[in-house]
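# Coordinates in review
Listed here are the chains, written in short residue letters.
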Amino acid sequence: MAGEEWTRQAIISFDGGGIRGYGSLLILRALMEKVGLEERRIDPAIKSSFSPCMYKPTKIGFSTPYIEDVDSFEANVVTETNLSGLFNDSLFLPCHYFDYGAGTSTGGLISIMLFCLRMTVHDCINEYKILGDKIFGHPRPCSLFGILWPKYSSDTLKRVVNEATGRHNNTGYRLNYEVEEQLSQCIVVAYPDSNVRGDVPYLFRTYEPPQRARDDVYEQFRSDPKHHPSAIPLHKVARATAAAPAYFRPVRILPAHRGRPLPAMRFKDGGFGCNNPSEEAYHDVVEAHGGLSKNIGPFISIGTGVGKFRLFSNKKGNFQDVCANAIAALKTPTLTTLADKSMSYLAKFDRAERFPYYRFDGGEVLGQVAMDQWKTHKPKHRSREQKQPGAKTLEVIQRAVGAYLEGKDVQTNLEDCARLLVQRRRLRTEDSSMWERYATTSYYLCKDGTCEKARFNTSLDFRNHLESCHGFEARGTLDEKLEECRQYWWVYPD
């Protein structure tokens, strides 16, 4: 039974919450640090989650030294660029421990960075700071809560996503929303402008949708490869999930669905009604893997704080009640508690644990930070770090998350999660050929022009091909040929 544990699908989901998503990343960093400690407790020789593969993250991320005189925020982000100097959260990648990453709004952006762009947590935090400065640090004037025009520029968001893509991949600049088979996948939630089941959120998947997908508004048509997720620009998916009303304008996309060419639909932020995407991700992954909850492994949900919600006013009077109703109506779309309760119920249905479920909500103090808050300390008598854009807001979030992480129950749950995730990764590495594919995105191209099948996803398949079709027998010659023909779907910058 233990040998089959890694075949259960591990899922992580991220709530929406604007700049509070930075707090989600700090929680994830704490988790990955626990993972690193657990990995090294079991085997002190392990240097990264790529182990035992030789492909090491010797230079993950972009190298930008601190330059005080440069206006660009990227110049103020200090990153480590060598193996010996990387932090634990850079050595152990979420995409090596989770089969699916799901997110809504800025949580969707985090999922894209971690599972489409395969970033380390360290690099994702740096990119999130850049996004915060370029988006929340530059609101449009006189938007009047989005009445005149959206508060923030969608073009800026598009540019930020494309720039992040360029920094973290040297195989291309403008990628589409895609992930290859046998790698960790991504789910991004948004709401479509459709007259057919328009109350159901749409899931942008990097995999084929299940046959009974709940958001398939064109289910009467068959699958059309022209509308596969790989045909959608990544920046459009990012804009769709982040298009919060009054903050960004909706984006038009011809979505991935089972169907023939249809008019493009508009998409808005999935946070309205699905700010915690855990339940949507759960049902979709279950349907994609046989419809049985026993096929789900560890499910981790990370929030952006607990918001206060009151339907009744503390003072008597009709006017006070009307105001309380209006405030509650504004806060309702971002509530996440109901989804958490539903997941807890599903995880322990009929008082039997169906799968391990953990929720890290971030606490009440984090929930009090405005989603687009971006404040910087006044420059007088401030340190170099405090002069960085948004430093005041980021410090508030850091203190809030730091206090939350000190909780005994939180620490216990983080350690339990780490043990489960490390156990799964180590079981997966027992099949070295499949692990190489999963960890490094490797595949093999046969350079003999006479081959009918030129591509092989695993070294074992390619080795068998060389032996049976090309007469390679000597181990040394086989190894040389494998090295010569190895390719990578995703390549980190040099």
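Note that the structure is predicted; figures quoted are calculated from it, not measured. (Residues numbered from 1 in each chain as written. Predicted model: local features only at pLDDT ≥ 70, side-chain atom pairs only at ≥ 80, totals over all residues. Heavy atoms only, no water.)

### A short note on the overall build of the protein chain
Of regular secondary structure, the protein chain possesses 16 helices and eleven strands. A buried classification covers 54% of the 494 residues belonging to the protein chain. Considering only contacts within the protein chain whose residues lie at least 6 apart along the sequence, 71% involve residues at least 24 apart. (Helix = DSSP H or I, 4+ residues; strand = E, 2+ residues; numbered from the N terminus. Buried < 20%, exposed > 50% of the residue type's maximum accessible area, 1.4 Å probe, protein only. Contact = heavy atoms within 4.5 Å.)

### Overview of the pairing of strand β1 (residues 9-14)
In terms of burial, β1 is a largely internal element, six of the six residues being buried. The two faces of β1 match: Q9, I11 and S13 on one face and A10, I12 and F14 on the other face are all buried. Pairing of β1 with strand β7 (residues 296-302) involves five bridges; the strand directions are parallel. The residue bridging F14 from the neighbouring strand is I302, located in β7. As defined by bridge partners, β1 adjoins strand β2 (residues 100-104) across four bridges and the pair is classed as parallel. By the bridge assignment, I12 is partnered in β2 with G101. (Pairing = 2+ DSSP bridges.)

### Notes on the environment of K129
Inspection of the secondary structure assignment puts K129 in helix α4 (residues 121-135). Each C-alpha atom of the pair K129 and G390 lies 8.1 Å from the other, and the pair is 261 residues apart in sequence.

### Some remarks on the UniProt feature "short sequence motif: GXGXXG" (unreviewed entry) in the protein chain
Mapped onto this numbering, the UniProt entry annotates "short sequence motif: GXGXXG" (unreviewed entry) at residues 16-21. Across residues 16-21 one finds 17% helix and 0% strand; the C-alpha atoms that close the span lie 7 Å apart. (UniProt positions renumbered as here; feature names shortened; annotations may be inferred.)

### Considerations on the packing of aromatic side chains
Per the counting criterion, the structure on display carries 14 aromatic pairs. With centroids separated by 5.3 Å and ring planes inclined at 80°, the aromatic side chains of Y100 and Y207 adopt a geometry described as edge-to-face. One end of the pair, Y100, is in strand β2; the other, Y207, is in the loop between β4 (202-205) and α6 (234-242), with 107 residues separating them in the sequence. Each member of the pair Y100 and Y207 is classed as buried. Through pairs of rings, three or more aromatic residues link up here, namely Y282, F299, F355 and Y357. (Phe/Tyr/Trp six-rings, centres within 6.5 Å; stacked < 30°, edge-to-face > 60°.)

### Structural notes on the nonpolar core
Counting residues in each nonpolar core, the largest one holds 85 residues, and the members touching the most others are L28, F204 and I300. Apart from the residues lying within four places of it in its own chain, the contact partners of L28 are I12, F14, P94, L114, V121 and I302. Membership of the second largest hydrophobic core comes to 20 residues, among which are Y100, A281, Y282 and L346. (Core = buried A, V, L, I, M, F, W, Y, C linked by side-chain atoms within 4.5 Å.)

### Here's the deal with the environment of F360
Positionally, F360 belongs in strand β8 (residues 357-360). What makes F360 buried here is its relative accessible area of 1%. For F360 and I302, which are 58 residues apart along the polypeptide, the C-alpha to C-alpha distance reads 4.9 Å. Not counting chain neighbours up to four residues away, the residues in contact with F360 comprise I27, I300, S301, I302, G303, Y404, V410, N413, L414 and C417.

### Observations concerning the environment of G23
As for its position among the elements, G23 is in helix α1 (residues 21-42). In this structure the C-alpha to C-alpha distance between G23 and Q398, which are 375 residues apart in sequence, comes to 6.9 Å. Residues contacting G23, with those up to four places away along its chain left out, are L366, I397 and V401.

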